[in-house]
Amino acid sequence: MELIIDFDKIKDPSKREWLITSLKLMHIGFQTSEKPQTITQYNNDLEKGDSEIEQGDFITATDLKTESDKW
């Protein structure tokens, strides 16, 4: 039996990562049908990231280190 997963339909990156990790831990073979990102999608992602930074929606490396020390 072959398992084919269309990762493009899983929008939440953490769910994609969880699924991949789970399958690997259970030693279940799988193939992906993930499609490469288009230039338009790439540019949209860059613009979205720039917008988030301009709105102050980010964390500095120093703040991240301080936060991670609490984990």
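Not measured: the values here are computed from a predicted model. (Residues numbered from 1 in each chain as written. Predicted model: local features only at pLDDT ≥ 70, side-chain atom pairs only at ≥ 80, totals over all residues. Heavy atoms only, no water.)

(A) Spotlight on the overall build of the protein. Each helix and strand counted, the protein has three helices and two strands in total. Walking the protein from its N terminus toward its C terminus, one meets helices and strands in the order β-α-β-α-α. Projected onto its principal axes, the C-alpha coordinates of the protein cover approximately 50 × 35 × 15 Å. The contacts in the protein between residues at least 6 apart in sequence include a share of 58% that link residues at least 24 apart. Carbon together with sulfur atoms contributes 56% to the accessible area of the protein, which is approximately 6500 Å² in total. Of the side-chain charges in the protein, 9 are positive and 15 negative, and the distance between the mean point of each set is 6 Å. (Helix = DSSP H or I, 4+ residues; strand = E, 2+ residues; numbered from the N terminus. Contact = heavy atoms within 4.5 Å. Areas by Shrake-Rupley, 256 points an atom, 1.4 Å probe, with all protein chains shown as cover. Lys, Arg positive; Asp, Glu negative; His and termini not counted. Charge placed at Lys NZ, Arg CZ, Asp CG, Glu CD.)

(B) Examining a nonpolar patch on the surface more closely. Taken together, the side chains of Leu3, Leu25, Met26 and Ile28 present a nonpolar region at the surface, about 380 Å² in accessible area. Of note, Ile28 is situated in the loop between α1 (13–25) and β2 (31–32). (Patch = residues over 30% accessible without salt bridge, like charges linked within 9 Å, V, L, I, M, F, W, Y side chains within 5 Å. Salt bridge = Lys/Arg side-chain N within 4 Å of Asp/Glu carboxyl O.)

(C) Region of interest: helix α2 (residues 39–54). Its 16 residues give α2 an end-to-end C-alpha distance of 22 Å, which sits within 8% of 22 Å, the value for a rise of 1.5 Å per residue. Directly after α2, the chain includes Gly56, whose backbone phi takes a positive value near 85°. (Expected span 1.5 Å × (residues − 1).)

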